[in-house]
Amino acid sequence: MNVEKRDGRGAVGQRAPRSGGRTTARTTRDTTTTAADRREGTRARGAREYPTAGSAALRPAERTRVTTPAAPRLRVAPPPPIRVPRAPFVGLILVLVVGGVLGILAVNTKINENAFRLERLQQQQAKLDVDEQELKKEIADQEAPGNLTANARKLGLVESEDPAYIRLPDGRTIGVPHPAEGGPAGAGQQGNGG
């Protein structure tokens, strides 16, 4: 049984191409078929056409492609521009600018007012600091030992010669207490007159 009858093909001397293989025409018993007939048979089955010289395949034949003119490409057009009324926009901008200027003016006025108030308070603080220093100086003068003695005599106080002391933890008296002797020098006159 030969190959043509087994495959059920009616073409003599033709073989179906294998995937990835070459197709060439083989002649078997029928020598009257020409190369053009073989090419037609191959083309009819969808196989590629290779010119052959003997049994070896040469480079593929170049086909000219018929190109049809391409249709123009369609593109999405941008949306039409939106028209916004100008009068409200200009009015809004003017309101913002005038409001900003008035706001800045109000802030600057308040800052200057606070600066004057701060300066006035600083001057008052400086005056009070001077008064405090004068009062501290007067207190220091009155606390001096010579002034304390003079002021005590003016009030009618007399110095004690031998004082007695009380010890606090147990309450025991150290020394003998006795009243001071001597009359005040001019204290009575000032105390009665004042």
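In this text, all values refer to a predicted model and were calculated from it rather than measured experimentally.

(A) Geometry of the overall build of the chain. Secondary structure summary: the chain contains five helices and four strands in total. Going from the N terminus to the C terminus, the chain shows its helices and strands as α-α-β-β-α-α-β-β-α. With 194 residues in all, the chain has 3% of them scored as buried. In the chain, the share of contacts with a sequence separation of at least 24, taken over all contacts with a separation of at least 6, comes to 29%. Only carbon and sulfur atoms are counted for the fraction: they give 57% of the accessible area of the chain, which is about 18,100 Å².

(B) Seen up close, the environment of P177. Along the chain, P177 falls in the loop between β4 (173-174) and α5 (187-193). The exposure class of P177 is exposed, given its relative accessible area of 59%.

(C) Representation of the confidence of the model for the chain in the model. Per-residue confidence for the chain gives a mean pLDDT of 75; residues scoring 70 or more make up 60%. Averaged pLDDT values for the elements of the chain fall to 44 in α5 and rise to 95 in helix α3 (residues 86-142). This stretch, residues 187-194, has a pLDDT under 50; its non-local contacts, to residues over four places away or in other chains, come to four contacts.

(D) A nonpolar patch on the surface, seen in detail. Taken together, the side chains of F89, V90, L92, I93, L94, L96, V97 and V101 define a hydrophobic patch exposed on the protein surface, amounting to about 760 Å² of accessible area. Among the secondary structure elements, V90 is positioned in helix α3.

(E) Examining the environment of P163 more closely. You can see P163 is positioned in the loop between α4 (145-154) and β3 (165-166). C-alpha of P163 to C-alpha of I174: the two residues are 11 residues apart in sequence and 9.2 Å apart in space.

(F) How the structure looks around the pattern of salt bridges. Taken as a whole and assessed by the stated rule, the structure comprises four salt bridges. Its salt-bridge partner being E132, residue K136 comes within 3.5 Å of it at the nearest N-O pair. Residue K136 and its partner E132 are both found in helix α3; the two are separated by four residues, about one turn of the helix. Look at K136 and you get exposed, because its relative accessible area is 53%. The partly exposed category is assigned to E132, whose relative accessible area is 41%. Residues E159 and R153 are paired through a salt bridge, measuring 3.7 Å at the closest nitrogen-oxygen approach.

(G) Molecular detail of a negative patch on the surface. A surface patch of negative charge is lined by D131, E134, E138 and D141. With respect to the helices, strands and loops of the structure, E138 is situated in helix α3. By relative accessible area, which is 49% here, E138 ends up partly exposed.

Rules and cut-offs
Residues numbered from 1 in each chain as written. Predicted model: local features only at pLDDT ≥ 70, side-chain atom pairs only at ≥ 80, totals over all residues. Heavy atoms only, no water. Helix = DSSP H or I, 4+ residues; strand = E, 2+ residues; numbered from the N terminus. Buried < 20%, exposed > 50% of the residue type's maximum accessible area, 1.4 Å probe, protein only. Contact = heavy atoms within 4.5 Å. Areas by Shrake-Rupley, 256 points an atom, 1.4 Å probe, with all protein chains shown as cover. pLDDT = per-residue confidence, 0-100. Patch = residues over 30% accessible without salt bridge, like charges linked within 9 Å, V, L, I, M, F, W, Y side chains within 5 Å. Salt bridge = Lys/Arg side-chain N within 4 Å of Asp/Glu carboxyl O. Lys, Arg positive; Asp, Glu negative; His and termini not counted. Charge placed at Lys NZ, Arg CZ, Asp CG, Glu CD.

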